[in-house]
Amino acid sequence: MSTLLLRWHPGRWGWHLLTLYTALFFVFVFAPIAVVVAVSFTAEQGVQFPFHGTSLQWYVRLWEYKPFVDSLLTSLYLAIASAAAAILLAVPAALYLGRSTGAVATVIASFLLAPIAIPALVVGMSLLYFLSAIGIGVSFTALFITHTIVSISYVMRTTLSVYRSVSQSLGEAAAVLGASSWRTFIHVTLPLIAPGIFAGSLFAILVSLDNLALSYFFGTANVTTLPVVMLSYLQNQFDPAIAAISTVQMAISIALLLIVEKTYGLRALTTQ
Amino acid sequence: MQTNHPASAVGPVVSKQLTLDGVSKRFKGSVALQQVCLTVQPGELISLLGPSGCGKTTTLRLIAGFDFPDEGTVRIDGEDISHLPPNKRGLGMVFQNYSLFPHLTVAQNIGFGLKMANHPKDRISSEVKRMLDMIRLNEYGDRNIAQLSGGQQQRVALARAIVTNPSVLLLDEPLGALDKNLREGMQFEIRRLQQSLGITSVMVTHDQEEAMTMSDRIVVMSHGRILQIGRPHEVYDQPRTRFVAEFLGTANILTCQLEQVQGNRLDFSILRRDGTSDNPPVRQSAHRLRLDSDIVPAWLKQGGIAEIAIRPEKLRLGPLAATDAITLTGTVQQHVFRGSQHSYKIEIPTIGATLTVNQAADSRKSATHQPGDGVTVSFDADAAVLLHPDDVAEPATRIGNSLSPLTQRKAA
Amino acid sequence: MQIALAHSDTIKRRAAMPRSRRWLLIVPALAFLIIFFALPLFQNAVRGLDQQSGNLFSNYATLLTDDYYLKVVVETLVVSFNTTVLTLLIGYPVAYYMVRRAGRMALPMLFLLVAPLLTSIIMRTFGWRVLFARRGIVNEFLDWIGLIDRPINLLNGPFSVYVGQVHILVPFMVLSIIPVLRAVDTRLEESARVLGAGALSTFFRVTLPLSKDGIVTGVILVFMLSTGSFITQLLLGNGSIVTLPLLIFQQFSLTQNIGLASAMGNVLLIIVLTCLFIQLRLTDDKRGAR
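Residues numbered from 1 in each chain as written. Chains lettered and ligands numbered in written order. Predicted model: local features only at pLDDT ≥ 70, side-chain atom pairs only at ≥ 80, totals over all residues.

J.: What exactly am I supposed to notice about the overall build of chain A here?
T.: Within chain A one finds 13 helices and zero strands. Scanning chain A from its N terminus toward the C terminus, one meets helices and strands in the order α-α-α-α-α-α-α-α-α-α-α-α-α. Relative to a compact globule of 272 residues, whose C-alpha radius of gyration would be 19 Å, chain A shows 24 Å and is clearly more extended. A principal-axis box enclosing the C-alpha atoms of chain A has dimensions of 70 × 70 × 35 Å. Here chain A holds 272 residues, and 47% of them are scored as buried. Long-range pairs, those at least 24 residues apart, make up 75% of the contacts in chain A with a sequence separation of at least 6. (Helix = DSSP H or I, 4+ residues; strand = E, 2+ residues; numbered from the N terminus. Rg over C-alpha atoms; globule rule 2.2 N^0.38 Å. Buried ≥ 20, exposed ≤ 12 C-beta atoms within 10 Å, placed from the backbone. Contact = placed C-beta atoms within 7 Å.)

J.: Please clarify how the overall build of chain B should be interpreted in this entry.
T.: A tally of regular secondary structure across chain B gives nine helices and 20 strands. Counting every position in chain B, which comprises 412 residues, the buried fraction comes to 41%. For chain B, long-range pairs separated by at least 24 residues make up 68% of all intrachain contacts whose partners lie at least 6 apart in sequence.

J.: Explain the nonpolar core here, please?
T.: Side chains that are nonpolar tend, in soluble globular proteins, to be buried together. The biggest cluster of nonpolar side chains holds 145 residues, and the ones touching the most others in it are Ala90(A), Ala93(A), Ile152(A) and Met264(C). Per-element accounting of this core gives the leading share, 16 residues, to helix 4 (residues 66-98) of chain A. Both domain 1 (2-39) and domain 2 (63-270) of chain A contribute no fewer than three residues apiece to this core. Among residues more than four places away in sequence, those in contact with Met264(C) are Leu63(C), Leu244(C), Leu247(C) and Ile248(C). (Core = buried A, V, L, I, M, F, W, Y, C linked by C-beta atoms within 7 Å. Domains from an automatic or database assignment.)

J.: Is there a simple way to explain the interface of chain C and chain A in this structure?
T.: Where the parts come together, the accessible area they lose is often given as the size of the interface. The interface of chain C with chain A comprises 61 residues on the first partner and 69 residues on the second. Of all the elements in the fold, those that place two or more residues in the side of chain C that touches chain A are helix 3 (27-47), helix 5 (67-100), helix 7 (121-131), helix 11 (199-210), helix 12 (212-228), helix 13 (231-237), helix 14 (244-254) and helix 15 (258-289) of chain C. Residues belonging to the side of chain C that touches chain A are distributed by class as follows: 44 nonpolar, eleven polar and six charged. (Nonpolar A, V, L, I, M, F, W, Y, C, P; charged D, E, K, R; others polar.)

J.: Explanation requested: the interface of chain B and chain A in the structure shown.
T.: Taken together, the 18 residues of chain B in the interface contact 15 residues of chain A. Those elements that place two or more of their residues in the side of chain B that touches chain A are strand 6 (92-94) and helix 3 (112-116) of chain B. Ranked by residue count, the leading element in the side of chain B that touches chain A is helix 3 of chain B, at three residues.

J.: I would appreciate a short explanation of the sheet that holds strand 15 (residues 316-317) of chain B in the present structure.
T.: Consider a sheet: its strands pair through backbone hydrogen bonds, and that pairing is either parallel or antiparallel. Residues and elements named next belong to chain B. Spatial ordering of the open sheet is given by 15-19-16-17-18, a layout of five strands whose pairing is antiparallel. The sheet is open, and its two edges are formed by strand 15 and strand 18 (353-360), each paired on a single side. Here strand 16 (residues 326-337) runs beside strand 19 (residues 374-379); their pairing, made up of six bridges, is antiparallel. Its bridge partner being in strand 19, Thr331 is matched across the sheet by Gly374. (Pairing = 2+ DSSP bridges.)

J.: Explain the pairing of strand 9 (residues 217-222) of chain B here, please?
T.: Remember that side chains alternate between the two faces of the sheet whenever the strand is regular. Residues and elements named next belong to chain B. For strand 9, a buried count of five out of six residues is recorded, marking the element as mostly surrounded by other parts of the structure. Direction of pairing for strand 3 (residues 45-49) relative to strand 9: parallel, over a ladder of four bridges. Note on strand 9: the bridge partner recorded for Leu48 is Val219. By the bridge criterion, five bridges tie strand 9 to strand 10 (residues 225-230) in an arrangement that is antiparallel. Residue pairing for strand 10: Val219 is matched across the bridge by Ile229. In sequence, strand 9 turns back onto strand 10 through a hairpin of two residues, with His223 there showing a positive phi of about 50°.

J.: What am I meant to see in unusual backbone geometry here?
T.: Note: most residues except glycine have negative phi, and most peptide bonds are trans. Residue and element names in this part refer to chain B. With a phi angle near 50°, Gln35 is a residue other than glycine that sits in the positive phi range. Looking at where Gln35 falls in the secondary structure, it is placed in strand 2 (residues 30-40). Phi at Tyr98 is positive, roughly 75°, even though this residue is not glycine. Examined against the element boundaries, Tyr98 turns out to sit in the loop between strand 6 and helix 2 (106-110).

J.: Would you mind going over the sheet that holds strand 13 (residues 282-292) of chain B with me for this structure?
T.: Residues and elements named next belong to chain B. In spatial order, the strands read 13-12-11-14-20; together these five strands make up an open sheet with antiparallel pairing. For this open sheet the edge positions go to strand 13 and strand 20 (385-387), each flanked by a neighbour on one side alone. Recorded for the sheet is a direction-independent mean angle of 40° between the axes of neighbouring strands. As defined by bridge partners, strand 14 (residues 305-310) adjoins strand 20 across three bridges and the pair is classed as antiparallel. By the bridge assignment, Ile308 is partnered in strand 20 with Leu386. (Axes fitted to C-alpha atoms, helices over the stretch in contact; angles between N-to-C directions.)

J.: How should the packing of helix 9 (residues 158-183) of chain C against helix 12 of chain C be read in this particular structure?
T.: The relative placement of two packed helices is expressed as an angle between their axes plus a distance between the axes. Residues and elements named next belong to chain C. Between helix 9 and helix 12, the least distance of the axes is 8 Å, while the angle of their chain directions is 155°. The angle between helix 9 and helix 12 places the two elements in the roughly antiparallel class. When you trace helix 9 past helix 12, the crossing you get is right-handed. Between helix 9 and helix 12, the residues in contact are Gln165, Leu169, Phe172, Met173, Ser176, Ile177, Pro179, Val180 and Leu181 and Asp213, Gly214, Ile215, Thr217, Gly218, Leu221, Val222, Leu225 and Ser226, respectively. Of the residues in the contact of helix 9 with helix 12, the class split is eleven nonpolar, six polar and one charged. (Parallel < 35°, antiparallel > 145°, perpendicular 65-115°, else oblique. Left-handed = near helix turned anticlockwise from the far one by under 90°.)

J.: What is the right way to read the domain arrangement of chain B from this model?
T.: Residues and elements named next belong to chain B. According to the domain assignment, chain B contains domain 1 (2-230) and domain 2 (243-387). Relative to domain 2, the C-alpha centre of domain 1 lies at a distance of 40 Å. When contributions to the side of domain 1 that touches domain 2 are tallied by element, the ones reaching two or more residues are strand 9 and strand 10. When its residues are assigned to classes, the side of domain 1 that touches domain 2 shows two nonpolar, three polar and no charged.

J.: Explain the environment of Leu147(C) to me, please; I cannot follow it from the model alone.
T.: Residues and elements named next belong to chain C. If you trace the backbone, Leu147 turns up in the loop between helix 8 (137-144) and helix 9. You can call Leu147 exposed: it has 9 C-beta atoms within 10 Å. Through-space distance from the C-alpha of Leu147 to that of Val74 is 34 Å; in sequence the pair is 73 residues apart.

J.: Looking at this structure, I do not really get the domain arrangement of chain A. What am I missing?
T.: Split into domains, chain A comes out as domain 1 (2-39) and domain 2 (63-270). Using C-alpha coordinates to define each centre, domain 1 of chain A is positioned 36 Å away from domain 2 of chain A.

J.: What am I meant to see in the confidence of the model for chain A here?
T.: Where the model shows low pLDDT, its predicted coordinates should not be examined in detail. All names here are of chain A. Confidence along chain A averages 86 in pLDDT terms, with 93% of residues attaining 70 or more. Mean pLDDT across the secondary structure elements of chain A bottoms out at helix 13 (residues 267-270), with 48, and peaks at helix 8 (residues 168-176), with 94. Predicted confidence for residues 268-272 stays below pLDDT 50, and this span has nine contacts to residues more than four positions away or in other chains. (pLDDT = per-residue confidence, 0-100.)

J.: Quick question: what am I supposed to make of the environment of Leu231(A) here?
T.: As for its position among the elements, Leu231(A) is in helix 11 (residues 226-236). Along the chain, Leu231(A) and Leu212(A) lie 19 residues apart, while their C-alpha atoms are 8.4 Å from each other.

J.: How should the pairing of strand 19 of chain B be read in this particular structure?
T.: Taken together, the two bridges between strand 15 of chain B and strand 19 of chain B define a ladder with antiparallel strand orientation. Counted as the bridge partner of Arg316(B) is Ser378(B) from strand 19 of chain B.

J.: Just checking my understanding: could you explain the environment of Leu291(B) for this structure?
T.: All names here are of chain B. Relative to the helices and strands, Leu291 is located in strand 13. Residue Leu291 is classed as buried on the basis of its C-beta count, with 22 C-beta atoms lying within 10 Å. Taking the C-alpha atoms as reference, Leu291 lies 8.7 Å from Val385; in sequence the two are 94 residues apart.

J.: I'm lost on helix 11 of chain A in this one. Help?
T.: The α-helix advances 3.6 residues per turn, and as a result positions three or four apart in sequence lie on the same side. If you check which residues of helix 11 of chain A are buried, you get Leu226(A), Pro227(A), Val228(A), Val229(A) and Met230(A). Just downstream of helix 11 of chain A lies Phe238(A), where phi reads positive at about 45°.

J.: Honestly, the packing of helix 5 (residues 103-117) of chain A against helix 3 of chain C in this entry has me stumped. Any pointers?
T.: The N-to-C vectors of helix 5 of chain A and helix 3 of chain C enclose an angle of 50°; their axes lie 11 Å apart at closest approach. The orientation of helix 5 of chain A with respect to helix 3 of chain C, classified from their angle, is oblique. Regarding helix 5 of chain A and helix 3 of chain C, the two cross each other, and that crossing is left-handed. The residues of helix 3 of chain C that touch helix 5 of chain A, namely those facing Ile108(A), Phe111(A), Leu112(A) and Pro115(A), are Ala29(C), Leu30(C), Leu33(C) and Phe37(C). Of the residues in the contact of helix 5 of chain A with helix 3 of chain C, the class split is eight nonpolar, no polar and no charged.

J.: Is there a simple way to explain helix 7 (residues 140-164) of chain A in this structure?
T.: All names here are of chain A. A rise of 1.5 Å per residue sets the reference length of helix 7, with its 25 residues, at 36 Å; its end C-alpha atoms lie 35 Å apart and thus fit the reference within 8%. The largest bend along helix 7 reaches roughly 25° and is located at Ile149. Of all 25 residues that make up helix 7, 20 are buried, and the element is covered over most of its length. (Expected span 1.5 Å × (residues − 1). Bend = angle between axes of the 7 residues up to and from the residue.)

Structure representation (structure tokens):
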């Protein structure tokens, strides 16, 4: 029997099986997403799939339920602000690490990339206590600091990777042609690492928009993020409005992705 | 420091002199350059030639300003630039892989230096146009770099470097990335442009043919020191050390012993090597060699051992008429036909050596020899060059001499 | 000689910027992270130590000896382990297909694989709740093909939690395996076939071992991510599976025992750091062996 198995040559139908498996896999991957998008258009009152009749009532509901709109705006603002702050901090760091060798540089690089690896729950909890202790309690500022920490890692990761692929002799060529360090950065380095910065920022924004664990500890009546609101809505009310807001959030993410694709192409994203 | 800033691009070029005086450089404990002294005359193109690790690239980078010397100075027309940053030296440089800015067009690349010097836009565009004409890429101004061939990128890199009227042009293995046919064309192109503009230039290369084709003078380097500086034919015909002799072209090396000195005549006997190891036992052969020399080198004592070099094309098959010609008999081991020449390896039992003889291919002359044929190889004393040991201090003065080897001096 | 030249060039190359001022570039990010990342985590570690009672490590002792807490810690590891195994088994064939058979479809497929990461975890988890509902489509389908008579409770149990976990994490496994599998020389497989090995044998003896690096990377990554996750357990498990992050999440508002919560966070941290350490060692070993 084992020798039979060893010499088994599946032939064409073996590959067909694999193709079928892969197709089913992708159905598996998209099923829940498709279902949610579908349910958002249900005319019924409860969450049910399949359902009968379509309507936009749940999108209307989003408008009416203030926490959704408020938290969505808060989340967007937070994501963009923390990404911007991350760029200001991470790009110089990438410029330093991209041309440094040695143990110290490696350690620093690992340290700056660590926030992504640590469970967001632990980071969020620790920061809550710390920030409260130093006087920045639960507030937008606290959220901003927390999200920036994580965003720095995403921006630095892609920027560093792209910067390392930029030949050092380009900077030297610019210098010989009369460019100071600053002008070399503006005219040569920045244009070349821009795709990396954009890709990293996109990641940072997308992660920030969806980051429940990180934001959970900082919710107040006034300032809270979309995932936190969605969670409490799910646990308390559970109706298709959740599907509608999820679809809106997904649409925003896709829009952001398309913007990056149009300006810099998605190849930067796949170089990880 | 104004004179070193990229000058206005219009107007006749004033050629400048570049001097390296006693330059030394160490990297993490190992010595990269030792007391390098070099003067490049205005409008001259010199090549730094040597194997990898010899210090030629380090020298170029010190001139460019990417590193600073530990000792010594780098001066342009007398002005000390040794510790200026690269963007304040007013130089031009062509990099090994061109280093063209991938996000800029051809025109933007060429105009970059002028932009950094804050020239007005219309001046920049007229200068860029002038350059595009000069390198014959008139219609390519708006093209992206990636769309150009290797040779075209080369020319753009050159244009970018010279449009700013640099005081010195640096070339770092500029032709390494091109294939052979393109390379020869570009050698002439670069040389032509450099001469017509009169820009003092320093080129780094490991290709001795390239160095000989393009340079006014060649600087042969090894292990951080300059072994010899001279015009191409000087360095080729009168190599100073064994390293130089073997690095430029092929050389036949014979071991000799100094029998006696009579005035300006050195009488050697050619030694015979028994065996093929690195230091085989040597005995005297029957052959004698007489060299004329202006100076007897200090390191050579009566009875001492020296090496002489003879170029393969200076050996003749068959006897020579001259009275002081040396004639050797041997057997052909190998024959290689290279189109323009025949190359033979001939074993000479009386001196225990295998000599390489190159003969111009000419069908009208005598028939070629085959392996196994017995032949005579002869040369006259003029063809022999006395080599100096690598570690002997140079007798040349510190600044800017060609270091002439110690055999018959030919008028330069 | 060209290669040797380039090597000696890189040894001598330094940054063109004056070395004295370059370190200023790293200071802002470093300072920010030390103050707002390292310090809080350190403070968290200290907070986990019991200052009041005699035993400094009483909190940790509780976690590791108390039946309930120990069960939770073990459960965390078990769930992560199971999830990792499942994502490996489910994901590897997909990676194999994408590398070997997809051809021009490879890039669109990659996009399809990554696209779900654009959606909220809550959205995906909610989707499973809808699919697995009592009168949801899965139950209806099972009824229709005759496997069951009455709708079964797919939710609120380990099954849905694992489905959710695998769904979220399998792209990471596939993405880790793809580059390594791509680097496996197909000629090695062809050699094996020429020597008489069947397809399955070739796979297990040649392809799989050569893609080991990708498997290891994927395994560590998925294990780490699974250990830190709790949303799936919360929304699909309804208390049937309690892992450490979920416990922290639930207990945070309830318990007054900050010390214990911090200690739990630290145990979680230690598990994750161990994974990182293992991964670092493994990649270092490979670099050393070269």
